[in-house]
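Descriptive structure summary
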Amino acid sequence: MELKTNLKKIAKSKLSDVDFDNLPFGRVFSDHMLVMTYENGQWDEGIIQPYEALSITPAMMTLHYGQAIFEGMKANKDADGNVLMFRPELNVRRFNKSAERMCMPTVPEDVFLEKLQELLYLDSDWIPRDEGAALYIRPFMFGSDPYIGVKPSKTFHFIIFTCPVGPYYANPVSVYVEDHYVRAVDGGTGFTKAAGNYGGALYPAKLAQEKGYDQVLWTDANEHKYVQEIGTMNVFFVIDDVVITPDLNDCILPGTTRQSVIELFKDQGVKVEERPLSIDEIFEAHKNGKLQDCFGSGTAAAIIPIKSLGTNTEKIELPPVEERTYSKQMKERLIGMKLGKVEDKFNWVRKIAIPQAAGENTSDS
Ligand SMILES: *Cc1c(COP(=O)(O)O)cnc(C)c1O
């Protein structure tokens, strides 16, 4: 691949300092990052430069008013050393929807994807090859005007950096059904990856952890009756051999994994329903022995089985993870596709060929 973006290469790669057998999530950063700036109504050419600290003014608007959005994607390598991305265009479109909702400029889809590919090409040696590991990609944008006053910024930074990561959650999680705090409301920003959504969720998550749970299962703000999402994952229930997930609205983040899970189940002939699903229906199904599976879906974790669900009055244990055919098979199929091991019949996987000189011990020509 010919790199078109301005490049300032790192003097000495940090790669040899990294212990790939013990990768914490999100604490190790690859050599380079892409930085583009928006000024006078347009994006500059951007530069790929060493990952390093930014210089910011204390008056930078984002620090005060939260005009910030992000994305989360992953890259893997196939057996030949090619870099694989999974449906990256869905992330780019979602990023631009988040941008619109937050009064921020969009990044043209082709520019976003091209720059990302160049960054991955340059830092392809940072992509871990171990089972469950990946290169996590973090694109984000924030308003950078030095200005005190609530209005949209006029200048913005768009940055992409990457982190080699090990598996996100190793174990099935227990979730607390939230009946007071809310993550998203009709008319709000729940359908975007706006930074503030996550800051506001920290306190309820902390309280749930103090009660002995791993995550919060969010419910609707009006009645706390219908399920929305778990932490930063979409949620699926399997009742009587029907896969059910909340339908998309202002309160649900339209996950790439969610979309793929729905399409793959349908492809397998499984009945999928996107509709409002109440806590009562879930607990009733469990009582009648019809709740077969429950799992969260997201890029960071792929598929994570939920082991128990608790409210402030009762707690139910779900079937043992080994007996859950739905989540288990879906996880294998999804991960297999991302690694180029399972047939990609919908053409979801984008491949960047890495020549021998740039890849580590690859055998392709
Ligand atoms: C990112 C995210 C998801 C998962 O989206 P994917 O595209 O599948 O990674 C789900 N819910 C929330 C709140 C998120 O931030």
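Just above sits the structure.
Residues numbered from 1 in each chain as written. Predicted model: local features only at pLDDT ≥ 70, side-chain atom pairs only at ≥ 80, totals over all residues. Heavy atoms only, no water.

**Quick look at the overall build of the chain**
Helix and strand counts for the chain come out as eight helices and 19 strands. Here the C-alpha radius of gyration of the chain, 21 Å, is about what a compact globule of 365 residues would show, namely 21 Å. Structurally, the chain occupies a C-alpha span of about 60 × 55 × 35 Å along its principal axes. Out of the 365 residues in the chain, the part that is buried amounts to 53%. Considering only contacts within the chain whose residues lie at least 6 apart along the sequence, 72% involve residues at least 24 apart. Split by element, the accessible area of the chain, about 16,800 Å² in all, is 49% carbon and sulfur. (Helix = DSSP H or I, 4+ residues; strand = E, 2+ residues; numbered from the N terminus. Rg over C-alpha atoms; globule rule 2.2 N^0.38 Å. Buried < 20%, exposed > 50% of the residue type's maximum accessible area, 1.4 Å probe, protein only. Contact = heavy atoms within 4.5 Å. Areas by Shrake-Rupley, 256 points an atom, 1.4 Å probe, with all protein chains shown as cover.)

**Topic: the side chain of T62**
Residue placement: T62 occurs in helix α1 (residues 61-65). Among the polar contacts made by the side chain of T62, one reaches the main-chain carbonyl oxygen of Q67 at a distance of 3.4 Å. (Polar contact = N/O pair within 3.5 Å; in protein donor to acceptor, adjacent residues only side chain to side chain.)

**Section: the packing of helix α2 (residues 88-101) against helix α3 (residues 109-122)**
How two helices sit against one another is set out by the angle between their axes and by the gap between those axes. Where α2 meets α3, the axes come as close as 10 Å, and the angle between the chain directions of the two elements is 125°. Here α2 lies oblique to α3, going by the angle between them. Two packed elements cross with a definite hand, and for α2 against α3 that hand is right-handed. Contacts from P88, E89, V92, R93 and F95 in α2 reach E109, F112 and L113 in α3. (Axes fitted to C-alpha atoms, helices over the stretch in contact; angles between N-to-C directions. Parallel < 35°, antiparallel > 145°, perpendicular 65-115°, else oblique. Left-handed = near helix turned anticlockwise from the far one by under 90°.)

**Some points on the environment of V35**
Here V35 lies in strand β2 (residues 32-39). Taking the relative accessible area as the measure of exposure, V35 reaches 10% and is therefore buried. With 121 residues separating them along the chain, V35 and F156 place their C-alpha atoms 10 Å apart. When sequence neighbours within four positions are dropped, the list of residues in contact with V35 reads G46, I47, Q49, H157, F158 and I159.

**Some points on the packing of aromatic side chains**
Evaluation of the coordinates by the stated rule reveals 19 aromatic pairs. Look at F29 and F161: their rings are 5.6 Å apart centre to centre, the planes differ by 85°, and that puts the pair in the edge-to-face class. In this pair, F29 sits in the loop between β1 (6-7) and β2 while F161 sits in strand β9 (residues 156-165), placing the two residues 132 residues apart along the sequence. Judged by relative accessible area, which is 15%, F161 ranks as buried. Clustering of aromatic rings is evident, with ring pairs tying together Y38, W43, F95, F112, F156 and F158. The residue whose ring lies beneath K151 is Y147, and the NZ or CZ to ring-centre distance is 4.6 Å. Note that K338 overlies the ring of F86, its terminal NZ or CZ placed 5.1 Å from the centroid. (Phe/Tyr/Trp six-rings, centres within 6.5 Å; stacked < 30°, edge-to-face > 60°. Lys NZ or Arg CZ within 6 Å of the ring centre and 35° of its normal.)

**Some remarks on the site of the ligand**
Near the ligand, the surroundings consist of 15 residues, among which K193, Y198, E229, T257 and T299 are the closest. In this structure, a nitrogen atom belonging to the ligand sits 2.4 Å away from a side-chain N or O atom of E229. Contacts to the ligand include T257, whose side-chain N or O atom sits 2.6 Å from an oxygen atom. For the ligand, the accessible surface in isolation is 380 Å², of which the surrounding protein chains cover 96%. Counting residues per element, the ones that place at least two in the shell around the ligand are β13 (233-239) and α6 (256-267). For the shell around the ligand, the residue count by class is three nonpolar, eight polar and four charged. (Near = heavy atom within 4 Å. Nonpolar A, V, L, I, M, F, W, Y, C, P; charged D, E, K, R; others polar.)

**Quick look at α3**
For α3, which comprises 14 residues, the first-to-last C-alpha distance of 20 Å matches the rise-based estimate of 20 Å (1.5 Å per residue) to within 8%. Taken together, the buried positions of α3 are F112, L113, K115, L116, E118, L119, L120 and Y121. (Expected span 1.5 Å × (residues − 1).)

**Description of a negative patch on the surface**
Taken together, the side chains of D19, D21, D130 and E131 present a region of like negative charge at the surface. For D21, the location among the structural elements is in the loop between β1 and β2. (Patch = residues over 30% accessible without salt bridge, like charges linked within 9 Å, V, L, I, M, F, W, Y side chains within 5 Å. Salt bridge = Lys/Arg side-chain N within 4 Å of Asp/Glu carboxyl O. Lys, Arg positive; Asp, Glu negative; His and termini not counted. Charge placed at Lys NZ, Arg CZ, Asp CG, Glu CD.)

**Here's the deal with unusual backbone geometry**
Its identity is not glycine, yet N40 carries a phi of approximately 50°, on the positive side. Its identity is not glycine, yet R87 carries a phi of approximately 45°, on the positive side. Tracing the backbone through its elements, the reader meets R87 in the loop between β7 (83-86) and α2.

**Remarks on the nonpolar core**
Within the largest apolar cluster, 36 residues are counted, with the highest numbers of intra-cluster contacts made by W43, I69, A75, L120, M141, F158 and I160. Of all elements in the fold, only β2, β6 (73-77), β7, α2, α3, β8 (134-143) and β9 reach the threshold of two or more residues within this core. With six residues, α3 is the single largest residue contributor to this core. The contact partners of W43, leaving out residues within four places of it in the chain, are M36, T37, Y38, P105, T106, V107, P108, M141, F156, H157 and F158. In terms of nonpolar packing, the next biggest core, distinct from the first, is built from 25 residues, L217, I230, I244 and I282 among them. (Core = buried A, V, L, I, M, F, W, Y, C linked by side-chain atoms within 4.5 Å.)

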